[in-house]
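# Report on the structure
Chain by chain, the residues run as shown.
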Amino acid sequence: MAVTVGSVCVAVTLLMCVLGGQAVDLLRAKATSGFSPATPKVHCWCAGYPNLTAQCSWPEPSHSTSLIHYIATCSERNRPTVTTQCQFIQPGSAASSSSSERLLHCTLPNLKLLTDYILNVTAVTASGESSSHLSSFMLEDIVKPDPPVDVRVSPLNIRNLLVEWSPPPTWANLNIFPLKYQILYQWESRGTPRSINLGPFESTKIELKGLTPGRPYLFQVCAMELLGLGKCSDWSLPVKVTIPRVKL
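All figures in this text were calculated on a predicted structure; none of them were measured in a lab.

## A few points about the overall build of the protein chain
From N to C terminus, the protein chain includes zero helices and 18 strands. For the protein chain, the proportion of its 248 residues judged to be buried stands at 35%. Across the protein chain, every contact between residues at least 6 apart in sequence was considered, and the portion connecting residues at least 24 apart equals 59%.

What follows is the structure in structure tokens.
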């Protein structure tokens, strides 16, 4: 870390190396006496495997007083001089986020399996000040399916429920690369939140036994590549069901 008081020039370089198949993040922020944009907080994922397209997103500064544009490129680690532009997605398009936080999105098509990539996302102001986020990833490490859909809950009797769901439509190779699932169900007991996380299992349905009649439960499901590539999806939309007090 170097600090020069006269010109108020600060250069910070943080190197964080996480082993075990996780990404290596190298974050570099550079500030001068002018306005310096915040370092983009970039998140990348691959919604299908062996889909060769990755998606990346980062939040747009909400209180910025300066116009900021972004440059996003990707290169293979062993071929750093050959770069590919990350293709920006217009806000409000089908592929962009519906989150209340305004996110910027870009896609990286035609990537290779078992290849280490370096992503560079740089925020640049009109006056030329910049901050960059550099991250290293392999497609196998950022696999993250979309959430399961069509979650259905059916009472079987006063203590048992059947929970069923469908795989995410964006996962196109179920026969070759099947998914496994986890189910989360939540309830309150005397005002105290309770939850149970079950799985993983390959079936798209499960019977839950020994539930309490008259109690409301909230059910959600997430999906993950069967061999454990990447991470589990976000949880599906919650489904709320109250166990009937009378025998069906």
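## Focus: the state of the cysteines
Scanning the entire structure with this criterion turns up three disulfides. Disulfide pairing is shown between Cys44 and Cys56; the S-S distance is 2.1 Å. One disulfide, between Cys44 and Cys56, carries an S-S torsion of 105 degrees and so falls in the right-handed class. Placement of the pair is Cys44 in strand β4 (residues 43–45) and Cys56 in strand β5 (residues 54–59), with a sequence separation of twelve residues.

## A look at the side chain of Ser236
Along the polypeptide, Ser236 turns up in the loop between β17 (216–225) and β18 (239–242). Given the relative accessible area of 3%, Ser236 is considered buried. With near-sequence residues (within four places) excluded, Ser236 lies in contact with Pro147, Pro148, Val151, Gln220 and Val221.

## Concerning the sheet that holds strand β12 (residues 149–155)
Here we have three strands laid out as an open sheet, ordered β12-β13-β16, and antiparallel in their pairing. Edge positions in the open sheet fall to β12 and β16 (205–208), since each of these has one partner strand only. Going from strand to strand, the sheet's axes swing by 15 degrees on average, the running direction of each strand aside. Bridge count between strand β13 (residues 161–166) and β16: four bridges; the pairing is antiparallel. By the bridge assignment, Leu162 is partnered in β16 with Glu207.

## Some thoughts on the pattern of salt bridges
In the structure shown here, the tally under the stated rule is six salt bridges. Ionic pairing is found between Arg79 and Glu76, a salt bridge with its closest N-O pair at 3.8 Å. The partly exposed category is assigned to Arg79, whose relative accessible area is 39%. For Glu76, a relative accessible area of 12% translates into the label buried.

## Concerning the pairing of strand β14 (residues 179–189)
As defined by bridge partners, β14 adjoins β17 across eight bridges and the pair is classed as antiparallel. Each residue of the ladder has a partner; that of Lys180, found in β17, is Met224. Across eight bridges, the pairing between β14 and strand β15 (residues 192–201) is antiparallel. Among the inter-strand pairings, Glu188 is bridged to a residue of β15, identified as Pro193. A loop of two residues connects β14 with β15, the two strands running antiparallel in sequence, and Arg190 in this loop sits at a positive phi of about 55 degrees.

## Some thoughts on a nonpolar patch on the surface
Taken together, the side chains of Leu52, Leu113 and Leu114 make up a nonpolar region of the molecular surface, amounting to roughly 270 Å² of accessible area. One can find Leu113 in the loop between β9 (103–108) and β10 (117–125).

## Let's talk about the nonpolar core
Within the largest apolar cluster, 23 residues are counted, with the highest numbers of intra-cluster contacts made by Val163, Trp165, Ile183, Leu208 and Phe219. Elements that contribute at least two residues to this core include exactly β12, β13, β14, β16 and β17. In terms of residue count, β14 provides more of this core than any other element does, five residues in total. Aside from chain neighbours lying at most four places away, what touches Leu208 is Arg159, Asn160, Leu161, Val163, Ile183, Tyr185, Leu198 and Phe219. Core analysis: the second largest hydrophobic core is formed by 22 residues, Tyr70, Tyr117, Ala123 and Leu139 among them.

Conventions and cut-offs
Residues numbered from 1 in each chain as written. Predicted model: local features only at pLDDT ≥ 70, side-chain atom pairs only at ≥ 80, totals over all residues. Heavy atoms only, no water. Helix = DSSP H or I, 4+ residues; strand = E, 2+ residues; numbered from the N terminus. Buried < 20%, exposed > 50% of the residue type's maximum accessible area, 1.4 Å probe, protein only. Contact = heavy atoms within 4.5 Å. Disulfide = S-S within 2.5 Å. Pairing = 2+ DSSP bridges. Axes fitted to C-alpha atoms, helices over the stretch in contact; angles between N-to-C directions. Salt bridge = Lys/Arg side-chain N within 4 Å of Asp/Glu carboxyl O. Patch = residues over 30% accessible without salt bridge, like charges linked within 9 Å, V, L, I, M, F, W, Y side chains within 5 Å. Areas by Shrake-Rupley, 256 points an atom, 1.4 Å probe, with all protein chains shown as cover. Core = buried A, V, L, I, M, F, W, Y, C linked by side-chain atoms within 4.5 Å.

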